[in-house]
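Chain by chain, the residues:
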Amino acid sequence: MAYVITEKCLGERYGHCQGVCPTEAIYAGTYQGKDFMVIDPVVCISCGACATECPVGSIVESEDMDPTYAKINADLAEKFKANPKVTARPKDEAPKKPTNKLV
Ligand code: SF4
């Protein structure tokens, strides 16, 4: 099983998860015209480090918790893999999406 980045990240993207992943399983890109990040299920070792880094709690610990986004993560991982790393936004910056809250 792998961790999954969910819809909360779509159009939000703080980017801290990428910097803490020990296996470099997290890639950035755009999806539906919005900034996003995904976890490569082939590379993720389910250590959990990324989930605690997300200021809006966008990362869930198993594919079962969000099968729709689990598939989106897996599909986009192939496309995003070669993309450059992103610069993280400040963790205390207000969320861009009105539905997101700092956790
Ligand atoms: Fe990387 Fe660990 Fe998050 Fe998997 S759970 S994406 S290995 S930080």
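Up top is the structure.
Only a predicted model underlies this, so the values are computations on that prediction, with no experimental measurement involved. (Residues numbered from 1 in each chain as written. Predicted model: local features only at pLDDT ≥ 70, side-chain atom pairs only at ≥ 80, totals over all residues. Heavy atoms only, no water.)

Student: Teacher, can you tell me more about the overall build of the protein here?
Tutor: Within the protein, the secondary structure is distributed over three helices and four strands. Listed N to C, the secondary structure of the protein is β-α-β-β-α-β-α in terms of helices and strands. Taking 103 residues into account, the globule formula puts the C-alpha radius of gyration at 13 Å, and the protein, at 12 Å, falls close to it. With respect to the principal axes defined by its C-alpha atoms, the protein has extents near 30 × 25 × 25 Å. Taking all 103 residues of the protein together, 45% fall into the buried category. Contacts in the protein between residues far apart in sequence, at least 24 positions, make up 72% of those at least 6 positions apart. As displayed, the protein has an accessible area near 5500 Å², and 54% of this comes from carbon and sulfur atoms. Of note, the protein has its 12 positive side-chain charges centred 5 Å away from the centre of its 14 negative side-chain charges. (Helix = DSSP H or I, 4+ residues; strand = E, 2+ residues; numbered from the N terminus. Rg over C-alpha atoms; globule rule 2.2 N^0.38 Å. Buried < 20%, exposed > 50% of the residue type's maximum accessible area, 1.4 Å probe, protein only. Contact = heavy atoms within 4.5 Å. Areas by Shrake-Rupley, 256 points an atom, 1.4 Å probe, with all protein chains shown as cover. Lys, Arg positive; Asp, Glu negative; His and termini not counted. Charge placed at Lys NZ, Arg CZ, Asp CG, Glu CD.)

Student: When you look at the site of the ligand in this model, what are you seeing that I'm missing?
Tutor: Taken together, 13 residues surround the ligand, and among them Cys21, Cys44, Cys47, Gly48 and Cys50 come closest. Class assignment of the residues belonging to the shell around the ligand gives a composition of ten nonpolar, three polar and no charged. (Near = heavy atom within 4 Å. Nonpolar A, V, L, I, M, F, W, Y, C, P; charged D, E, K, R; others polar.)

Student: Just checking my understanding: could you explain the environment of Lys85 for this structure?
Tutor: Relative to the helices and strands, Lys85 is located in the segment after α3 (67-80). Excluding its chain neighbours within four sequence positions, the residues that come into contact with Lys85 are Gln18 and Glu24. There is a polar contact of 3.2 Å between the side chain of Lys85 and the side chain of Glu24. (Polar contact = N/O pair within 3.5 Å; in protein donor to acceptor, adjacent residues only side chain to side chain.)

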